[in-house]
Amino acid sequence: MWMRKISLLFCSLILVIMTACSSGSGGDAKTVEPGQAEEAVNAPAEATNEQPTNESSSEEELTGTPEMEFDMGGRTIKWVSWYDESIQEDNPDNIKRKRNLEELMKKHNFKMEYVIVDFGEYQDKVTASLVAGEPIGDIIRVARPWMIPTLVNQGLFAPVDEYTKNEKVFIQQYTNEYSQYEGRGYGFRTGINGASSGIFYNRTLMNQLGMKPLQEYVNEDNWNWDTFIQVAKEANKDSNNDGKLDIWGLASASLLVPAMASNEANLVILDKQGLEDPKTLEVLNFLSRLATESVGRPTEGGDWTEPGQFFRQGNTLMVAGSDYEMENFKQDMPDYDIGFLPFPKGPSASSYHSHNTIPNYLTIPSAVEHPVRLVYIYEKINDIDSIYDYPKQSTLETLFSNEDDIQNAKLAGESIKVIDTESGYPSMPYYEFIGEIMEGIPVSTVVEKYKGPFQAAIDAVWKK
């Protein structure tokens, strides 16, 4: 049990760090998927010199903020993150962003300073500065569980949803969903939603086994939990007839988070536990089936890296993962052709989804002056005509050489569902709950046992 806890904990931590480092280009483009002033609350542009100076004439322009005139008085804007968010001139889009920033600094009389705080100290330092009324920065990257509901409830962040209407720049899901609290959005972000999560598979092994190409299930719109189990069982083989499997279809059956996302379910729904929700029950029964029917490769007592290690041996067909892992798979498995599929659709889902457990985004403390100006500056830095067909094109075309894989990763990343776990609810008995499901204990028994403790963990955070 403790090995499982350690394994899942490290997986979550790695996902946070990788999410922060793999999302795109530009001032906010490096972000993947860790875990994100009273003047601004009701009056987005009170000051006379902050009124728009031109009128939009086309439908596209209506989503962007018209040009504003203001002087920042030589102020240094501090942009705080756990990694370097300065704009690197490493592609044509970033060159445009850097030029935009330089022009904005000259026009509005300000300087930009990028401050890096070690991730291990980050949450404590940011929280302490906000509570003390002396924010560590003007623009601060925050993970959602750190701020919602506790810090937002204390009025420590400025809502920004009035200023993030430009869909060309701002990812609306981050403001209107991931960072929303009581009808207002407190975070903003550009670039991409985050990492595309799905299923890596060994095409070489698939062909050796004479199996139907897995891509055909996607092409037929028939890639779902049932066909997923069918494929995994088909690949489970005893190739030398010694009575033991030596080829496996699935590296690990412990798939709670991606399965929840794939069925549009969640463990927490607003401020209530979601274990009894029909969509969640479908997920739990799916996982129970994986466990009781011995679909996945059994653990050999390894740590959180064990599924990836199994896959690298070349005798395991599928492993769940995120797009950025492809780089290491290519390095470690040069003799194998590795493909990528979306995670199979759950019965209650209408499309494919990736997952995130700790969404992060940029925020502006309420103690900072002129939040509307800061969001405007960010918008104008990133308001460019990209040379790419879609935000993550250069990354996916670098990771994958097969066009089907590129399109699958693009498809999987178009919708990312945030799954609430112990990262936002520290007293939630998350790992014990997963452990009992994966041990094959009846779902109804596990839900009945844990729905109370889950609700208590949620109440502790929401102060009920």
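Residues numbered from 1 in each chain as written. Predicted model: local features only at pLDDT ≥ 70, side-chain atom pairs only at ≥ 80, totals over all residues. Heavy atoms only, no water.

With respect to the confidence of the model for the protein
Thought 1: Considering every residue of the protein, the mean pLDDT works out to 87; 86% of them sit at 70 or more.
Thought 2: Note that pLDDT drops below 50 for residues 1-62; the model gives that stretch 176 contacts with residues more than four away or on any other chain. (pLDDT = per-residue confidence, 0-100. Contact = heavy atoms within 4.5 Å.)

Things to note about the sheet that holds strand 11 (residues 338-342)
Thought 1: In spatial order, the strands read 7-10-6-11; together these four strands make up an open sheet with mixed pairing. Of all strands in the sheet, those bounded by a partner on one side alone are strand 7 (248-250) and strand 11. The average undirected angle you get between the axes of adjacent strands in this sheet is 25 degrees.
Thought 2: Of the pairings in the sheet, the one linking strand 6 (residues 197-202) to strand 11 comprises five bridges and is antiparallel in character. The residue bridging Tyr201 from the neighbouring strand is Gly339, located in strand 11.
Thought 3: The sheet contacts of helix 17 (residues 403-412) involve strand 6 and strand 11, and relative to strand 11 the element is tilted by about 30 degrees. (Pairing = 2+ DSSP bridges. Helix = DSSP H or I, 4+ residues; strand = E, 2+ residues; numbered from the N terminus. Axes fitted to C-alpha atoms, helices over the stretch in contact; angles between N-to-C directions.)

Considering the side chain of Asn94
Thought 1: Note on placement: Asn94 falls in helix 3 (residues 92-108).
Thought 2: For Asn94, a relative accessible area of 3% corresponds to the buried category.
Thought 3: Within the local environment of Asn94, its side chain forms a polar contact with the backbone oxygen of Gln88, the two atoms lying 3.1 Å apart. (Buried < 20%, exposed > 50% of the residue type's maximum accessible area, 1.4 Å probe, protein only. Polar contact = N/O pair within 3.5 Å; in protein donor to acceptor, adjacent residues only side chain to side chain.)

Some thoughts on the pairing of strand 3 (residues 139-143)
Thought 1: A large share of strand 3 lies buried, amounting to five of its five residues.
Thought 2: The alternating pattern of strand 3 places Ile139, Arg141 and Ala143 and Ile140 and Val142 on opposite faces, both of which are buried.
Thought 3: Bridge analysis of strand 3 against strand 13 (residues 360-363) gives four bridges, and the strand direction is antiparallel. Among the inter-strand pairings, Ala143 is bridged to a residue of strand 13, identified as Asn360.

Notes on the sheet that holds strand 2 (residues 110-116)
Sheet strands pair via backbone hydrogen bonds, and the direction of the pair is either parallel or antiparallel.
Thought 1: Judged by pairing direction, the sheet is mixed, and its four strands sit side by side in the order 2-1-3-13 without closing on themselves. Single-partner strands in this sheet number two, and they are strand 2 and strand 13. The sheet shows a mean angle of 25 degrees between the axes of neighbouring strands, taken without regard to direction.

Focus: helix 12 (residues 278-292)
Thought 1: For helix 12, built from 15 residues, the straight-helix expectation of 21 Å at 1.5 Å per residue is met to within 8% by its first-to-last C-alpha distance of 21 Å.
Thought 2: For helix 12, the full list of buried residues reads Thr280, Val283, Leu284, Phe286, Leu287, Ser288 and Leu290.
Thought 3: Buried residues belonging to helix 12 abut helix 10 (225-235), helix 11 (256-262), helix 18 (430-438) and helix 19 (443-462).
Thought 4: A distance of 3.0 Å separates the backbone nitrogen of Lys279 from a side-chain oxygen at the start of helix 12, and that oxygen is part of Asp277.
Thought 5: Just downstream of helix 12, Ser294 is the residue with a positive phi angle, here 50 degrees. (Expected span 1.5 Å × (residues − 1).)

With respect to a negative patch on the surface
Thought 1: Taken together, the side chains of Asp389, Glu397, Glu403 and Asp404 present a region of like negative charge at the surface.
Thought 2: Relative to the helices and strands, Glu403 is located in helix 17. (Patch = residues over 30% accessible without salt bridge, like charges linked within 9 Å, V, L, I, M, F, W, Y side chains within 5 Å. Areas by Shrake-Rupley, 256 points an atom, 1.4 Å probe, with all protein chains shown as cover. Salt bridge = Lys/Arg side-chain N within 4 Å of Asp/Glu carboxyl O. Lys, Arg positive; Asp, Glu negative; His and termini not counted. Charge placed at Lys NZ, Arg CZ, Asp CG, Glu CD.)

Looking at the nonpolar core
Thought 1: By size, the foremost hydrophobic cluster in this structure holds 56 residues, and its most contacted members are Leu214, Trp223, Leu256, Leu287, Leu317, Met318 and Phe433.
Thought 2: Here this core gets eight residues from one element, more than from any other, and that element is helix 19.
Thought 3: Once you skip the residues sitting within four places of it in the chain, Trp223 turns out to touch Tyr217, Val218, Phe228, Val231, Met318, Leu341, Pro342, Phe343, Pro344, Lys345 and Tyr352. (Core = buried A, V, L, I, M, F, W, Y, C linked by side-chain atoms within 4.5 Å.)

A closer look at unusual backbone geometry
The phi angle of most residues is negative, glycine excepted, and most peptide bonds adopt the trans form.
Thought 1: Geometrically, the link from Ile148 to Pro149 is a cis peptide bond, its omega value of 5 degrees lying close to zero.
Thought 2: Its location among the elements puts Pro149 in the loop between helix 5 (144-147) and helix 6 (150-153).
Thought 3: Of note in this structure, Asp221 is not a glycine but carries a positive phi near 55 degrees.
Thought 4: For Asp221, a relative accessible area of 51% gives the class exposed.

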